[in-house]
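Working through the structure, step by step
Listed below, chain by chain, are the residues.
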Amino acid sequence: MKRALICGISGQDGTYLAQMLLNQGYEIWGTSRDAQMTNFHNLVTIGIKHKVKLVSMALNDFRSVLQALTLCKPDEIYNLAGQSSVGLSFEQPVETLESIATGTLNLLEAIRFLGLPVKFYNASSSECFGNVNENEADENTPFRPRSPYGVAKAAAFWEVVNYREAYGLFACSGILFNHESPLRPERFVTQKIVSAACRIARGSNETLYLGNIDIKRDWGWAPEYVVAMFLMLQKSEPTDYVIATGESHSLLDFVSEAFEYLDLDWKHYVSIDIQLMRPNDLGIGLGNASKAKTQLGWQANYKMKDVVREMIKYNLMNK
Ligand code: NAP
């Protein structure tokens, strides 16, 4: 039985990845900064909390990382932990950099120090690219991040490349574009929109305040994206992959799709709040995942409209 250690198992991707790997027959270990205090709400929601072993690990503390790896002795490590909000990274740039760049470095160093024959996946992000205008970003597109989060993810990406090349570690990064699900917290704009639209459909008399609705993003479906992470670690050679749908839609499209699904006209319920604009937002996110299609046999089946539909269906059935 293979053993996987999922760093950041309490999050959206960690939970779906754990579920997928359990179905593949893996023994799953997962980390949280404080496993005693975290309620692992997502794991409880999908009914797998009792099937995974949970340990505390602070990524920015090398001793803590060494301890978790020594205890678990994993065959595969998935690093999904770290401050994951672009918006919050402008408020907490140091926390963001430490949890992502120092955290990834500590994991790579611990693997090297312990001499573990482990395969390592790092959660990189399309935010590394910055503005690509209408061009699709692929694995050869240069990085020009425009947020503390993007800067931290870019640093972690190059750490992984360096440890692969310098020390021969099996380490790779998935450069994932935005991916959503019912497990997304409301801090993220997609869930904020879906939750508000569903409350309004149930009779709430509220206004949904948004920042820049002209930004365009390549939105995919999280349960599909975790499959790509797994496939990267099943290859005989490590390399990095862009994971995306190849379609870009504006936030306004997302909003109107959500309200339309509920037979509502968004114009009656949405207002722009200038305070919600970011200091430095990306205009367009659009990815080209052809390498993943050719080498991993992976492609996104769910596009933006499917994502909206599934998030709303879940909300209507469960809230
Ligand atoms: P998530 O739901 O926010 O989960 C990340 C986990 O990391 C949390 O459950 C939390 O676990 C831990 N964490 C949060 N803040 C931290 C901090 N300051 N220091 C250390 N650990 C912290 O994120 P996700 O959406 O599942 O994404 C997984 C990974 O993929 C993240 O690294 C994210 O940046 C990256 N990514 C996500 C997307 C996307 O669209 N979802 C796209 C590209 C890349 P505990 O509280 O239990 O410690």
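Residues numbered from 1 in each chain as written. Predicted model: local features only at pLDDT ≥ 70, side-chain atom pairs only at ≥ 80, totals over all residues. Heavy atoms only, no water.

A word on the overall build of the chain
- A tally of helices and strands in the chain yields 11 helices and 13 strands.
- For 319 residues, the compact-globule estimate of 2.2 N^0.38 gives 20 Å, and the chain sits close to it at 19 Å.
- Taking the principal axes of its C-alpha atoms as reference, the chain extends roughly 60 × 40 × 40 Å.
- Across the 319 residues that make up the chain, the buried fraction comes to 54%.
- Within the chain, counting contacts between residues at least 6 apart in sequence, those at least 24 apart form 79% of the total.
- Carbon and sulfur atoms form 48% of the exposed surface of the chain, whose accessible area is close to 14,200 Å².
- Here the chain contributes 31 positively and 35 negatively charged side chains, and the mean placements of these two sets differ by 5 Å. (Helix = DSSP H or I, 4+ residues; strand = E, 2+ residues; numbered from the N terminus. Rg over C-alpha atoms; globule rule 2.2 N^0.38 Å. Buried < 20%, exposed > 50% of the residue type's maximum accessible area, 1.4 Å probe, protein only. Contact = heavy atoms within 4.5 Å. Areas by Shrake-Rupley, 256 points an atom, 1.4 Å probe, with all protein chains shown as cover. Lys, Arg positive; Asp, Glu negative; His and termini not counted. Charge placed at Lys NZ, Arg CZ, Asp CG, Glu CD.)

Looking at helix H11 (residues 304–318)
- Compared with an ideal rise of 1.5 Å per residue, which puts 15 residues at 21 Å, H11 spans 21 Å between its outermost C-alpha atoms and is within 8% of the ideal.
- Every buried residue of H11 is accounted for by Met-304, Asp-306, Val-307, Val-308, Glu-310, Met-311, Ile-312 and Asn-315.
- The inward-facing, buried residues of H11 contact strand S7 (179–180), helix H7 (189–201), strand S10 (220–221), strand S12 (249–250) and helix H9 (251–261). (Expected span 1.5 Å × (residues − 1).)

As for the nonpolar core
- With 39 residues, the main nonpolar core has Ile-6, Leu-21, Ile-28, Tyr-78, Tyr-121, Ile-243 and Trp-298 as its most contacted residues.
- Elements supplying a minimum of two residues to this core: strand S1 (3–7), helix H1 (12–23), strand S5 (119–125), strand S6 (170–176), helix H8 (222–234), strand S11 (241–243) and helix H10 (290–296).
- Formed by 25 residues, the second largest nonpolar core is a distinct cluster that contains Leu-210, Ile-215, Met-304 and Val-307. (Core = buried A, V, L, I, M, F, W, Y, C linked by side-chain atoms within 4.5 Å.)

Comments concerning the packing of aromatic side chains
- Going through the model one piece at a time under the given rule, you end up with 13 aromatic pairs.
- Summarising the aromatic geometry, the rings of Phe-62 and Phe-113 are spaced 6.3 Å apart at their centres and angled 80° between planes, so their arrangement reads as edge-to-face. You can see Phe-62 sitting in helix H3 (residues 62–72) and its partner Phe-113 sitting in helix H5 (residues 93–114), a full 51 residues away along the chain.
- One aromatic cluster in this structure is built from Phe-129, Phe-143, Phe-157, Trp-158 and Phe-177.
- The ring of Tyr-167 has Arg-112 sitting right over it, with the charged end atom 3.9 Å from the ring centre. (Phe/Tyr/Trp six-rings, centres within 6.5 Å; stacked < 30°, edge-to-face > 60°. Lys NZ or Arg CZ within 6 Å of the ring centre and 35° of its normal.)

Details of the domain arrangement of the chain
- When its domains are assigned, the chain resolves into domain 1 (3–179 + 218–243) and domain 2 (186–217 + 248–285 + 303–318).
- Its C-alpha centre places domain 1 at a distance of 27 Å from the equivalent point of domain 2.
- The interface of domain 1 with domain 2 comprises 21 residues on the first partner and 24 residues on the second.
- For the pairing of domain 1 and domain 2, the buried interface totals around 1,800 Å² over both sides, and the portion due to carbon and sulfur atoms is 62%.
- For the domain 1 face of the interface with domain 2, the top three residues by lost area are Arg-146, Trp-219 and Trp-221, together amounting to 39%. (Domains from an automatic or database assignment. Buried area = accessible area lost by both parts, 1.4 Å probe.)

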